[in-house]
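Residue-level structural notes
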Amino acid sequence: INAEYGGNVQPAMDPFVAQCIAEAEASKKGMGRTALSTSYGVTESGVTDNGVATQPALHMPHMAPSCLASTTLRPELEQSGPNFTLPGEFDPETEQLVMMARMVWHCRVQIQRLLAESEPSLSPEFDQFARDYTLMSQPDDLLPHAERLKRILSAYNVRSRLKVSDKTSWPREELTQMASAQHPGLLPPQTPCEYVEEGVAWWNWGVHNRPEEWIGHGYWWRPKPAEFSEKVDNMAGSSAQDFDLLEPGFRKLRQAKPLYVDHDLIRRDFGEDAIDEEFPIGNLVRTLKDATDEEVEDWVVRNAAWMSEGQVVRLSEGGDHAELLGIQDVHQFVDTTERK
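Residues numbered from 1 in each chain as written. Predicted model: local features only at pLDDT ≥ 70, side-chain atom pairs only at ≥ 80, totals over all residues. Heavy atoms only, no water.

1. With respect to the sheet that holds strand β3 (residues 250-253)
In any sheet, the strands associate via hydrogen bonds between backbone groups, in a parallel or an antiparallel arrangement. One open sheet accounts for three strands, arranged β4-β3-β5; its pairing is antiparallel. The open sheet has two free edges, formed respectively by β4 (306-308) and β5 (334-339), since each of these has just one partner strand. Each strand of the sheet is rotated relative to its neighbour by a mean of 45°, with strand direction disregarded. Across three bridges, β3 lies against β5 in antiparallel orientation. Its bridge partner being in β5, Arg251 is matched across the sheet by Arg339. (Pairing = 2+ DSSP bridges. Helix = DSSP H or I, 4+ residues; strand = E, 2+ residues; numbered from the N terminus. Axes fitted to C-alpha atoms, helices over the stretch in contact; angles between N-to-C directions.)

What follows is the structure in structure tokens.
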């Protein structure tokens, strides 16, 4: 939609913003001469053809809950399929932000409601992110929003998703409930989706001392600061140098065996994947939805039995995990000639 007023041609409006404007207009028609809420940036007397108020200070529309919930637009940074795939090569910083952003977008209605009730100061930041995210096309587009995105996700995790009511007993009831919804009843490894601000996550030997805000458990994502250049080390007594990492480049494990496989879940979530793409039967590629339990387990090993190159270094001589696990020769366990 191009509209011209005041001698200036306005740029085409983003469809997501247009949808919110349409909702504002619909509200306007049902309100007679009563002024429309200024949160939409429009007034009863000042709506132009392109839906933007003519006041000197123009405001983008507020992301109304119904607008967020009903939008059919899929931001370009959202994957088209139901399953998340970590690429072999990626920039760790931006890939963390992509996962965080997808989490925020997936839970956008709940987050908007939570912030309005508990963290109103973050509501404008959420609105800004929701608008901008629909226009992003490259992971690097998230970099200017990194701190805003982390604050939003941390508030949601601390106040809702990872919140525990009782911090005096163990195991934590809410974490147990989360684990019981998984198969086989264990919490999965934390990801950037479990990010919380470090100040409320732990005390770090007195560096962070906010016990009244402490989340009460250790299930959270601790990213490595960009300025941290020392060797990552989780040996006993040096937890301050232990971080959660996304690392590119993967090497094949030699002796991998499946510990637990939910065969039916694999068939449901990855049913259209080929059982073995290298050896189809005739012209037909058999897919996982028709696989036997043994074939599902073989597929899991081929696709999941990989270790990041950074972890291989930590398992090699001189690495902290080599010492912890007593590994003398990492090549017994890792095929360093096969990479993806």
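Structure's up, so let's keep going.
2. Notes on the nonpolar core
Counting 29 residues, the largest nonpolar core has Val104, Ile111, Phe126, Phe129, Tyr133 and Leu142 as its most contacted members. Going through the elements one at a time, α3 (92-106), α4 (108-118), α5 (123-133) and α6 (146-161) are the ones with two or more residues in this core. The residues touching Phe129, leaving out its near neighbours within four places in the chain, are Ala101, Val104, Leu142, His145, Arg148, Leu149 and Ile152. The next biggest cluster of nonpolar side chains, apart from the first, holds ten residues, and it includes Leu162, Val200, Ala201 and Ile215. (Core = buried A, V, L, I, M, F, W, Y, C linked by side-chain atoms within 4.5 Å. Buried < 20%, exposed > 50% of the residue type's maximum accessible area, 1.4 Å probe, protein only. Contact = heavy atoms within 4.5 Å.)

3. A look at the state of the cysteines
Tallied over the full model, the rule gives zero disulfides. Among the cysteines around Cys107, which has no disulfide bond, Cys193 carries the closest sulfur, lying 8.5 Å off. The exposure class of Cys193 is buried, given its relative accessible area of 15%. (Disulfide = S-S within 2.5 Å.)

4. Observations concerning the packing of aromatic side chains
Overall, the coordinates contain four aromatic pairs when judged by the stated rule. Here Phe270 and Trp299 contribute two aromatic rings whose centre-to-centre distance is 5.1 Å and whose plane-to-plane angle is 45°, an arrangement assigned as tilted. Here Trp299 lies in helix α10 (residues 293-304) and Phe270 lies in the loop between α9 (263-269) and α10, a separation of 29 residues in the sequence. Using a relative accessible area of 24% as the deciding quantity, one classes Phe270 as partly exposed. Within the aromatic cluster, the residues linked to one another by ring pairs are Trp105, Phe129 and Tyr133. Positioned over the ring face of Trp105 is Arg108, at 4.2 Å from the centre of the ring. In this arrangement the basic side chain of Lys150 is found over the ring face of Tyr195, its NZ or CZ atom lying 6.0 Å from the centre. (Phe/Tyr/Trp six-rings, centres within 6.5 Å; stacked < 30°, edge-to-face > 60°. Lys NZ or Arg CZ within 6 Å of the ring centre and 35° of its normal.)

5. Side note on the side chain of Asn157
For Asn157, the location among the structural elements is in helix α6. For Asn157, the side chain forms a polar contact with the main-chain oxygen of Cys193, separated by 2.9 Å. Contacts of Asn157, omitting those with residues within four sequence positions, involve Leu162, Lys163, Cys193, Glu194, Tyr195 and Val196. (Polar contact = N/O pair within 3.5 Å; in protein donor to acceptor, adjacent residues only side chain to side chain.)

6. Some points on the packing of α3 against α5
Packing of α3 against α5 leaves a shortest axis separation of 11 Å and a crossing angle of 105°. Classed by the angle they form, the pair α3 and α5 counts as roughly perpendicular. Within the contact between the two elements, α3 uses Ala101, Arg102, Val104 and Trp105 and α5 uses Phe126, Phe129, Ala130 and Tyr133. Among the residues forming the contact of α3 with α5, the class breakdown is seven nonpolar, no polar and one charged. (Parallel < 35°, antiparallel > 145°, perpendicular 65-115°, else oblique. Nonpolar A, V, L, I, M, F, W, Y, C, P; charged D, E, K, R; others polar.)

7. Some thoughts on the confidence of the model for the protein chain
Confidence in the prediction for the protein chain averages 79 pLDDT; 73% of positions are at 70 or higher. Highest mean pLDDT in the protein chain belongs to α6 (96); lowest belongs to strand β1 (residues 4-5) (34). Overall, residues 1-11 carries pLDDT values under 50, and its contacts beyond four positions in sequence, including any with other chains, amount to 15 contacts. Under a pLDDT of 50 for its full length, residues 27-61 has, in the predicted model, 52 contacts with residues more than four places off or in other chains. (pLDDT = per-residue confidence, 0-100.)

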